[in-house]
Amino acid sequence: MGDNILTMIKVIELPIDKDMGGLTSYVLQLYRMIDKKEFELTLLSYDDPQNFDVNYNVETVSRPYHIIQFYKKMKCLLSEEKNIIHFHQSYVNIIPILIAKLAGFKTIILHAHSSSIDDNRKIVRFLKTGLHKVGRFLLPYLVDTYIGCSTKASEWMFPRKCIDSDSYYLLHNAIDLDLYDRNINLGLEVRQKFNIPKDALVVGHIGRFTPVKNHPFIIDIFKEVLKQNPNSYLFLLGDGVERHKIESLVKSAAISDKVIFMGYVNNTVDIMQAIDIMILPSLFEGLPLIAIESQAIGIPILVSDTITQEVVLTDLCRTLPIDNPKPWAYEIISKFGKNKYIDYRARIKELGYDSSVAIKKIENIYKGKQ
């Protein structure tokens, strides 16, 4: 037992958020699936640790602009022999990286999870863009390992010098394929719970209520769907800063009885069983897990053409421009009732999107292996 303690690799993962977006979901999956005999992960959050399941080792940390407090936390973690820090970011926020370097972390990993900045506030966006540009310039001097969830996310986050180096890895977001069994009866139970007829068309979207997810366009799409099939419903899973705005939009369109706001749910796969088609008209993404999950469970998904083509793993996924909701509605109506279930999981695994394989690659990075 003593030997195990001596050889345990301790890693800090930063940050996770209570909104349970894709980045946080990725980190929590990593925590669940990593070999606990070899690795000890500490998850840092700017939110109260009580927002997370007690099974996760979550500690709170002050935001990086509280430089002294953040620095002290880094030094404290180092004193516990945790000298690998794995940053998960959607843009290069160089401040926490620089502080971690000054604190003495021996191994700093930066993981790219998006391909642009998700913030409509002009001043904040301007500041983040400036920070991102400065950060990209400094990365080769501060970061030891670069990981991208997609080619598009990598090119956004890292300068070419980093991507061309031996320290760069392209690791697509992956899922536990065993969880995605198709279960029609469960889908009927979910529909019954929400008083939705068996023969109704159910459109689904899973994502935080933030500008990047393009919820106003989702509502426009669904209004077009209702014109052609009044027996239709929209499931919106997730929460976030723009939820109230979208609820008002739905109310003003007089379709509140057709749109179900579910908030954050921890049984996403169960809810998906009741959905006929998923839509993801995001303004941009890194590599959205929901696109992989939909194909794994056998549900058609329409995604915006601004998202990396790497998500198109099967003929269940199709890309469309986000300049007009009518083609989206047409595709939704035309696919309804015509989808013959095919289990594509073997194909998805072959393409490298099985999390058991992806986790092993992360473990090897932590061990310093190629």
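Structure's up top.
Here is a short report on the structure shown in this document. (Residues numbered from 1 in each chain as written. Predicted model: local features only at pLDDT ≥ 70, side-chain atom pairs only at ≥ 80, totals over all residues. Heavy atoms only, no water.)

## A word on the environment of Ile290
- Here Ile290 shows up in helix 12 (residues 289-297).
- Looking at Ile290, the relative accessible area reads 8%, which means it is buried.
- In the structure, Ile290 is positioned 37 residues away from Pro327 in sequence and 21 Å away in space, judged by C-alpha atoms.
- With residues up to four places along the chain from it excluded, the contact list for Ile290 reads Ile206, Met272, Met278, Leu280 and Ile301. (Helix = DSSP H or I, 4+ residues; strand = E, 2+ residues; numbered from the N terminus. Buried < 20%, exposed > 50% of the residue type's maximum accessible area, 1.4 Å probe, protein only. Contact = heavy atoms within 4.5 Å.)

## Details of helix 9 (residues 215-228)
- With 14 residues, helix 9 should cover 20 Å at 1.5 Å per step; its first-to-last C-alpha distance of 20 Å lies within 8% of that length.
- When helix 9 is considered as a whole, its buried residues turn out to be His215, Phe217, Ile218, Ile219, Ile221, Phe222, Glu224, Val225 and Leu226.
- Those residues of helix 9 that are buried lie in contact with strand 8 (201-206), strand 9 (232-237), helix 10 (243-252), strand 10 (259-263), strand 11 (277-280) and helix 13 (325-335). (Expected span 1.5 Å × (residues − 1).)

## Some words on the pairing of strand 8
- Most of strand 8 sits out of view: 6 of its 6 residues are buried.
- Because side chains alternate across strand 8, one face comprises the buried residues Leu201, Val203 and His205, and the other comprises Val202, Gly204 and Ile206, equally buried.
- Examined bridge by bridge, strand 8 and strand 9 share 6 bridges and lie parallel to one another. Looking at strand 9, one finds that His205 is bridged to Leu236.
- Read as a crossover between parallel neighbours, the route from strand 8 over helix 9 to strand 9 is right-handed.
- Across 2 bridges, strand 8 lies against strand 11 in parallel orientation. Looking across to strand 11, one finds that Val203 is bridged to Ile277. (Pairing = 2+ DSSP bridges. Right-handed = clockwise from strand over helix to strand, strands pointing away.)

## As for the nonpolar core
- Core analysis: the largest hydrophobic core is formed by 70 residues, its most contacted members being Met74, Ile85, Ile97, Phe105, Leu139, Phe158 and Phe235.
- Top element by residues in this core is helix 12. It accounts for 6 residues.
- Sequence-distant contacts of Phe158, that is, excluding residues within four places in its chain, are made with Leu110, Ala112, Arg136, Leu139, Tyr146, Ile147, Gly148, Ile163 and Tyr168.
- In terms of nonpolar packing, the next biggest core, distinct from the first, is built from 26 residues, Ile9, Tyr26, Leu28 and Leu43 among them. (Core = buried A, V, L, I, M, F, W, Y, C linked by side-chain atoms within 4.5 Å.)

## Topic: the sheet that holds strand 2 (residues 39-45)
- Taken in spatial order, the 7 strands make up an open sheet running 3-2-1-4-5-6-7, and their pairing is parallel. Sheet topology places strand 3 (58-60) and strand 7 (168-170) at the edges, where each strand pairs with a single neighbour. The average angle at which neighbouring strand axes cross in this sheet is 25 degrees, direction not considered.
- Relative to strand 4 (residues 84-89), strand 1 (residues 9-16) runs parallel, the two sharing 4 bridges. Within strand 4, the residue paired with Leu14 across the bridge is Phe87.
- Against the sheet, helix 4 (residues 94-103) engages strand 4 and strand 5 (107-112), with an angle of about 175 degrees to strand 4. (Axes fitted to C-alpha atoms, helices over the stretch in contact; angles between N-to-C directions.)

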